[in-house]
Each structure stands twice: as structure tokens, then as C-alpha cells.
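Structure at a glance
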Amino acid sequence: MSYPQRCWAEIDLIALRNNLAWLRHRIGSGNQILTVVKADAYGHGLKQIAAFLMQSGTNIFGVANLNEARDIRAVGRGWPILMLGACLPDEMEYAIKDNVMPTISSPAEAKRFSKIAKKMKRNIRVHLKIDTGMGRLGCTPGQAGALVEAIKQLPNLSLNGIYTHYASAEDKVAFSKRQRMTFAKTLKSINHEFEFTHANNSAALLHEPKSIYNLARPGLLVYGVMPPGKRTPPELIRKHLQPALSWKCRVSFVKNIAKGTPLSYGQKYVSPKKMRVATLCAGYGDGYLASAHGQAKVIIGDKLCNILGRITMDQMLADVSRLPSIKIGDEAILIGHKHNHCITAHQVAQWAGTIPWETLAAISHRVPRLYRGTQAA
Ligand SMILES: Cc1ncc(COP(=O)(O)O)c(C=O)c1O
């Protein structure tokens, strides 16, 4: 028996499936899709999303660490998994055992993997990363040719893929073009047939279609959220992608307050008039970004209501003065739409001075994910 919900996220699996279908269309026939499911599938729940994506036509999964890879293996065997983060030396044995493809940035990493794989009598497929401007992982374009030749000589390693990562495809035209050209030039200088060549995250899928190669690596778009930025995304995709996640909580208390009443920690907010205030069952302990205070809004009934005062660990306060009939147990929408109102992950991020990836990844484990729309796997 489960308790009634106080604060929960609803995941629309039909929206997720449609998003994936639109992305497949964008990526083009014959090309493959690596779905990025790190950070609990961007807060959507890794195991359920991975199982669903297996049924919905993803080819490869992208993860940040081995625990995420193991969660994917727990719901379906055999799917290729690429670890997008670097593998630590003491993790390598486990990556080989669990058949997770690592990202290689240096000869030292390749040698270590080869040595361990040989000792374990296993072969491992690896992807080489080229740093064209992100500055996180990868060898320099100038090192790539020699590193490829070195990897080809190493026993028990198979050089399966090569990739790069855009740093600001949503914003910067010239910088992205430079990254794209650098990667293309690097590929030309390398003498190896890779099964997979890939570069495009969500923003690059929208703005740099020339670098789709034969695999794309979207995260945010799969979940129906547009990467915000200065470049305008193609109308068709924008129209058809749908956020899969909505986030709701319930009203736990309602009261009328007099003018001059301070609300929440620090008394930063003092009511300017007589008001009606609802206490909501959600706070930063659920992952709602506390820095959104002062700007945040929620949908209650048919109204967009201001959040008043500081957001606390488990609760926040909403102005329901225009909702005389609101009562304990009613629903408030933190992310989602109702009537004419819509609050997106991007909107919450803007209120908090951050990015939508963080809004989603921050939704904590305390928040149950409820899957809607089709048979959840
Ligand atoms: C290497 C790599 N590829 C692809 C992605 C997916 O990015 P996005 O969610 O912007 O599509 C990420 C996410 O951060 C990443 O680190």
C-alpha cells in the first residue's frame, strides 16, 4: 500500500516516445541514436526510462558512471552503453566486466585499459574523444592521429567510435562552426574505420545538422525540453517536442493573513495587504531550486500564483488571494500546464538563475515518479 502523494512527478511516456520519433526523423535514416540517461535520466527515473527507451528504439545509452550503467543492465541485457565521463583507474576492471564502453582521452588511459583487459582475457570497445573546444575530456586534435595508431597496436582494445562535444551550440555560431570544422579535419587526418562517429548533443542537433555523422547523442530534447540559447531552433521540432515531465504537489494548509505579516525564514517577505496564503508540500528537499524565491510561481486552480518568501526544505508558500475556494489537499503545479498557464523546466531555471538541465536533475529521490500514458516497463 502506498500513501497518498504529497509531491510527485508525472512522466508522460507517450510524449517521450514521440520526442524520440521526432529526433530519429531529424537524425535521418540509417543513423543511430545514443540517448543520454545520466543523472537519473535527467530526473525522469533511470530504470523506467531506460526500459521504455529500449522498447522505443534507442540504439545506445550514454551514462556518467558505472552505477548508471548497472541500472540499465538491470532492466535489459545487451544494450551498448558508452560512459561519457572518464573511467577512474580503479573502475576500469568493472567497466570491462560490465561491458561498458569507455571514453578514451590519452595514451596512458588506453594502455591501462588494454593491460587490464588482457589480464582478464576480455576485449573492450572504446570511443576516442577529441577536444575541439569543450575543454573537459579528450585529446587535442593534433594528438588524435598518433593516439589512434597507438590504440590500434594495443591488445584487447577495439577502437569502435570517435567523438567530440560542442560547448555552446545553442548560442555561438562561429565557435560551434570552428568546433565542427576542427572535428571534420581531424577525422580526415585519421586512418581508421570507426563504427560510430558522433558529435551532436541536443543543441547541435538543432543547430549543427552537418555534424550528425552516423550517431547523435541527445539528452535534453529526448525529454522534450529545448536547450535555451540565442540561436532559434527549427520551428518544426519546437512545435512537436513535448516535455515529458510535470511536477506537482498539494496544498497542506490555507490561511488569511493581515497586512504586515512576515512569511518564512528571514522575514524577507512581509505581506503588503490582507492576503490568503497556501502552504505547499514541496521545497528544496524535493529539489525545487531555493534560489528561485522572489520570482517563482506555481499553478493552482486556474491561476498562476506567486511563491512568497523563502523556499524551505519541505514547504513553500503561495499567494492564493485570488482563489477563495482553494482548500487543503488541492493540487499545485510546479512544472507543467493547466488552463492557459504553462511552467517549463526552463522557466524554473530562469527564476533560479540556472539552466533547465539543473532544474530536472535536482528533483530529488524523495519525489515519486509516476509513469503515465502507456504500459510502464
Ligand atoms: C558528452 C555528452 N554528450 C551529450 C550530452 C547530452 O547533452 P544535452 O542534454 O544537451 O543533449 C551530454 C550532456 O551533458 C554530454 O556530456
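No experiment lies behind these values; they were computed from the predicted model shown. Here the residue numbers are simple positions, counted from 1 along each chain's written sequence. Where local features are concerned, this predicted model is filtered to residues with pLDDT of at least 70; where side-chain atom pairs are given and counted, the filter is 80 or more; whole-chain, interface and lining totals use all residues.

Some details on the environment of Thr 103
The condition is simple: Every helix listed is a DSSP run of H or I at least four residues long, and every strand listed is a run of E at least two residues long, numbered separately from the N terminus.
Turning to its location among the elements, Thr 103 is positioned in strand 5 (residues 103-104). Sequence separation between Thr 103 and Ala 86 is 17 residues; the distance between their C-alpha atoms is 6.1 Å.

Notes on the pairing of strand 7 (residues 157-163)
Using the following cut-off: Burial is judged by counting other C-beta atoms within 10 Å of a residue's own C-beta: 20 or more means buried, 12 or fewer means exposed, and anything between counts as partly exposed, with every C-beta placed from the backbone. Note: two strands are recorded as paired if DSSP finds a minimum of 2 bridges between them. Convention used here: a crossover is right-handed provided that the path from the first strand, over the helix, to the second strand proceeds clockwise when the strands point away from the viewer.
Most of strand 7 sits out of view: five of its seven residues are buried. In the sheet, strand 6 (residues 124-129) pairs with strand 7 via six bridges, with the strands oriented parallel. Bridge pairing in strand 7 places His 127 opposite Gly 161. The handedness of the strand 6 to strand 7 crossover, carried by helix 7 (residues 141-153), is right-handed. Inspection of the sheet shows strand 7 paired to strand 8 (residues 196-198) by three bridges, in the parallel sense. Note that in strand 8 the partner of Tyr 163 across the bridge is His 198.

Section: the nonpolar core
Worth spelling out the cut-off: Connectivity within a nonpolar core runs through C-beta atoms within 7 Å, and the core itself is a set of buried Ala, Val, Leu, Ile, Met, Phe, Trp, Tyr and Cys residues. Note that the domain bounds were set by an automatic or database domain assignment. Remark: residues whose backbone-derived C-beta atoms lie within 7 Å of one another are considered to be in contact.
Ranked by size, the top nonpolar core spans 110 residues in total, and within it Val 298, Ala 318, Ala 332 and Leu 334 carry the most contacts. Shared between two domains, this core holds at least three residues of each, these being domain 1 (13-222 + 234-240) and domain 2 (245-372). Not counting the four nearest positions on each side in its chain, Ala 318 is found in contact with Ala 278, Leu 280, Val 298, Ile 300, Cys 305, Asn 306, Ile 307, Leu 308 and Ala 332.

Concerning helix 7
Note the threshold: What is called the bend at a residue is the angle between a pair of axes, fitted to the seven residues leading up to and ending at it and to the seven starting from it.
Approximately 25° is the largest bend angle found in helix 7, and it occurs at Leu 147. Where helix 7 is buried, its residues contact strand 5, helix 6 (107-120), strand 6, strand 7 and helix 8 (173-188).

Describing the domain arrangement of the protein chain
As a reminder, the rule being used: Each residue gets one label: Ala, Val, Leu, Ile, Met, Phe, Trp, Tyr, Cys and Pro are nonpolar, Asp, Glu, Lys and Arg are charged, and the others, such as Gly, are polar.
Taken as a whole, the protein chain is organised into domain 1 (13-222 + 234-240) and domain 2 (245-372). Counting residues at the interface gives eight residues for domain 1 and nine residues for domain 2. Among the elements that make up the side of domain 1 that touches domain 2, the one with the highest residue count is helix 2 (residues 38-43) (three residues). Of the residues assigned to the side of domain 1 that touches domain 2, the class counts are four nonpolar, four polar and no charged.

Some thoughts on unusual backbone geometry
Even without glycine at this site, Asn 99 takes up a positive phi of about 55°. If you trace the backbone, Asn 99 turns up in the loop between helix 5 (92-97) and strand 5. Of note, the phi angle at Asn 156 is positive, near 65°, even though the residue is not glycine. Mapping Asn 156 onto the fold places it in the loop between helix 7 and strand 7.

Quick look at the pairing of strand 3 (residues 60-63)
Examined bridge by bridge, strand 2 (residues 32-36) and strand 3 share three bridges and lie parallel to one another. Bridged to Thr 35 within strand 3 is Phe 61. As paired strands, strand 3 and strand 4 (residues 81-83) are joined by three bridges and run parallel to one another. Paired with Phe 61 across the strands is Ile 81, a residue of strand 4. Since strand 3 and strand 4 lie parallel, the crossover through helix 4 (residues 66-75) that links them has a hand, and here it is right-handed.

Things to note about the environment of Leu 157
By the element assignment, Leu 157 lies in strand 7. A tally of 22 C-beta atoms within 10 Å means that Leu 157 is categorised as buried. Distance from Leu 157 to Asn 18, taken between C-alpha atoms, is 37 Å for residues 139 residues apart in sequence. Each residue touching Leu 157, except ones within four places of it in the same chain, is listed here: Ala 110, Phe 113, Ser 114, Ala 117, Ile 124, Val 126 and Ile 151.

Here we look at the packing of helix 3 (residues 46-56) against helix 4
Operational definition: Fitted lines through C-alpha atoms serve as axes, helices being fitted only where they are in contact, and the angles separating the N-to-C directions of these axes extend from 0 to 180 degrees. By the definition adopted for this analysis, an angle is roughly parallel if under 35 degrees, roughly antiparallel if over 145, roughly perpendicular if from 65 to 115, and oblique otherwise. Put simply, a crossing is left-handed when the front helix is turned counterclockwise from the back one by less than a right angle, and right-handed when it is turned clockwise.
The contact between helix 3 and helix 4 brings their axes to 9 Å, and the two run at 55°. With respect to their mutual orientation, helix 3 and helix 4 come out oblique. The two elements helix 3 and helix 4 meet at a crossing, and its hand is right-handed. From helix 3, Leu 46, Lys 47, Ala 50 and Ala 51 reach across to helix 4, where they touch Glu 68, Asp 71, Ile 72, Ala 74 and Val 75. Grouping the amino acids of the contact of helix 3 with helix 4 by side-chain chemistry returns six nonpolar, no polar and three charged.

Some points on helix 3
Along an α-helix, residues three or four positions apart point the same way, because every turn accommodates 3.6 residues. Selection rule: Throughout, the arc means the angular range of directions from the helix axis out to the C-beta atoms.
Buried residues of helix 3: Leu 46, Ile 49, Ala 50, Phe 52, Leu 53 and Ser 56, and no others. Viewed along the axis of helix 3, the buried residues span an arc of 165°, placing them on a single side of the element. Tucked into the core, helix 3 has its buried residues touching helix 1 (13-27), strand 2, helix 2, strand 3 and helix 4. The first or second residue beyond helix 3 is Gly 57, which carries a positive phi of 100°.

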